[in-house]
Amino acid sequence: MKIIACGSVPTIVASNAYFTGRVTQNPIIEAEAPARLRATSVSFETGARTHWHTHPLGQTIHVVSGAGLAQSWGGPIREIKAGDTVWFEPGEKHWHGAGPKTAMTHLAMQEALNGSPVDWLEPVSDEQYQG
């Protein structure tokens, strides 16, 4: 058993190379091989969002507070709120983040394939975000 004490892992201000707006990340677990699980609590300020991205083995997000938006490439923008769980298929191009008037925090859970849990792509434009 390994206990990761509360406060022992610092909060990260997310890079604008992968996010638009202010986003903070609180790492939960990056399991050692042979396990592949990666989990992070991600907090998005109003209007903040990820860039388009995919996950080689899929991703689950669980909204713990607030409300936000999520979209898969070519699909409609969907509202997500506290208590909702979203599954993105392996390789599914998507983005997620806060709403235009609401902040949102979710748990992001994904597995790494060959050490990589995510493939980052281009930013979500303001036009795409606004629908």
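Owing to the predicted nature of the structure, the values given are computational and were not obtained by experimental measurement.

Peer 1: Help me out: how do you make sense of the pairing of strand S7 (residues 59-72) in this one?
Peer 2: On a regular strand, each side chain points to the face opposite its neighbour's, so the side chains alternate between the two faces of the sheet. Pairing geometry for S7 and strand S9 (residues 85-88), over four bridges, is antiparallel. Counterpart to glutamine 59 in the pairing with S9 is phenylalanine 88. Alignment of S7 against strand S11 (residues 104-111), held across seven bridges, turns out to be antiparallel. Counted as the bridge partner of glutamine 59 is glutamine 110 from S11.

Peer 1: Mind showing me how you'd approach the packing of aromatic side chains here?
Peer 2: Applying the stated criterion across every chain, the model contains five aromatic pairs. Seen from their ring centres, phenylalanine 19 and phenylalanine 44 are 6.3 Å apart, and the 55° between their planes marks the pair as tilted. Pair noted here: phenylalanine 19 is in strand S2 (residues 19-20) and phenylalanine 44 is in strand S4 (residues 37-44), with a separation of 25 residues, a long-range link. Judged by relative accessible area, which is 6%, phenylalanine 19 ranks as buried. Phenylalanine 44 sits in the buried class, given a relative accessible area of 2%. Residues tryptophan 52 and tryptophan 73 carry aromatic rings whose centres are separated by 4.8 Å and whose planes lie at 75° to one another, so their mutual orientation is edge-to-face. Of this pair, tryptophan 52 sits in the loop between strand S5 (49-50) and strand S6 (53-54) while tryptophan 73 sits in the loop between S7 and strand S8 (78-81), and the two are 21 residues apart along the sequence. The structure contains a cluster of three or more aromatic residues connected by ring pairs, namely Tyr18, Phe19, Phe44 and Trp120. Here lysine 93 stacks its cationic end above the ring of tryptophan 52, 5.7 Å away from the centre of that ring. Positioned above the aromatic ring of tryptophan 73, the side-chain terminus of lysine 93 is 3.7 Å from the ring centre.

Cut-offs applied
- Residues numbered from 1 in each chain as written.
- Predicted model: local features only at pLDDT ≥ 70, side-chain atom pairs only at ≥ 80, totals over all residues.
- Heavy atoms only, no water.
- Pairing = 2+ DSSP bridges.
- Helix = DSSP H or I, 4+ residues; strand = E, 2+ residues; numbered from the N terminus.
- Phe/Tyr/Trp six-rings, centres within 6.5 Å; stacked < 30°, edge-to-face > 60°.
- Buried < 20%, exposed > 50% of the residue type's maximum accessible area, 1.4 Å probe, protein only.
- Lys NZ or Arg CZ within 6 Å of the ring centre and 35° of its normal.

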